[in-house]
Amino acid sequence: MKLADVIIGEAIVPELNSKTRDEAIEELIESLATNGVLPKKLAPLAQKAVLEREQQATTGIGRGIALPHAKLKGIRKPIGTIGRSSQGIDFSALDGKPVFSVILLLSSPDNPDEHLQAMEVIFRHVQRDMFRKFLRQADTKEAMTDLINEADELG
Amino acid sequence: MATVETRVEIINKYGLHARPAMQLVETANRFSSKIELSNGTLAVDAKSIMSVMRLAGTKGTILIISADGADAQEAADAIVALVNDGFGEMDEG
């Protein structure tokens, strides 16, 4: 599985309008729906599921990264997108710092292994300082998509 | 000082996804010992959340735990207990 298989390029939001965690999640879900990747009728369910998960334990794992996610009936394979906030959003992150890259992931409840594969590929890249830095700097969909493709090439 | 190595199988349906990974990292950080986790292919620092999330161990994966330090045995035991408990998810479908 490659990062480009999970992250839907057209749905990337290079500058989130949202200033809060919940709004950012909604904006990214909206982007998946608008781009035809997420059935529109599932959007409210996705919002509810992702927020429920977020309330259980923050997905702001530190270093400016958050991974809001949920498993949702009606999703066939993992679909994700990335939202960038140049100002930073409060996700109650583990390191107490703002989040600049929000990576939303929706998976099928029937395929736990695929969800883990998606998580693995995301974190393989996100763990790299340079990848996180460039992700934070990329301010267009094209720049972010290029970054993702380059990351996949590097392996 | 002691070095302890042990293995444990992941038994919960969703494996080592985000929430269990965080519980595992939290547990590891309670101990002073250096702790390493491996899924057979990749070895990571058990105290680093971004690293542990890369393990993404599926149900059935054998995790190899290596702990080195004064509380190595307690550290290994605590992690084994957490995994054997299915990270508290065994009631879920």
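Residues numbered from 1 in each chain as written. Chains lettered and ligands numbered in written order. Predicted model: local features only at pLDDT ≥ 70, side-chain atom pairs only at ≥ 80, totals over all residues.

1. A word on the packing of helix 1 (residues 18–28) of chain B against helix 3 (residues 72–84) of chain B
All names here are of chain B.
Part 1 of the reasoning: The geometry of helix 1 relative to helix 3 is characterised by a closest axis approach of 10 Å and an angle of 160° between their N-to-C directions. By the angle between their axes, helix 1 is roughly antiparallel relative to helix 3. Crossing of helix 1 over helix 3 shows right-handed handedness. Counted together, Gln23, Leu24, Thr27 and Ala28 of helix 1 and Ala75, Ala78, Ile79 and Leu82 of helix 3 form the full contact between these two elements. (Axes fitted to C-alpha atoms, helices over the stretch in contact; angles between N-to-C directions. Helix = DSSP H or I, 4+ residues; strand = E, 2+ residues; numbered from the N terminus. Parallel < 35°, antiparallel > 145°, perpendicular 65-115°, else oblique. Left-handed = near helix turned anticlockwise from the far one by under 90°. Contact = placed C-beta atoms within 7 Å.)

2. Quick word on the pairing of strand 2 (residues 34–38) of chain B
Residues and elements named next belong to chain B.
Part 1 of the reasoning: Judged by which residues are buried, strand 2 turns out to be one-sided: Ile35 and Leu37 face inward and are buried, whereas Lys34, Glu36 and Ser38, on the alternate face, are not.
Part 2 of the reasoning: Relative to strand 4 (residues 62–69), strand 2 runs antiparallel, the two sharing five bridges. Bridge pairing links Leu37 to Ile65 in strand 4.
Part 3 of the reasoning: Where strand 2 lies against strand 3 (residues 43–45), three bridges are found, and the strand directions are antiparallel. Counterpart to Ser38 in the pairing with strand 3 is Ala43.
Part 4 of the reasoning: Counted along the chain from strand 2 to the antiparallel partner strand 3, the turn is four residues long, and its residue Gly40 has a positive phi close to 100°. (Buried ≥ 20, exposed ≤ 12 C-beta atoms within 10 Å, placed from the backbone. Pairing = 2+ DSSP bridges.)

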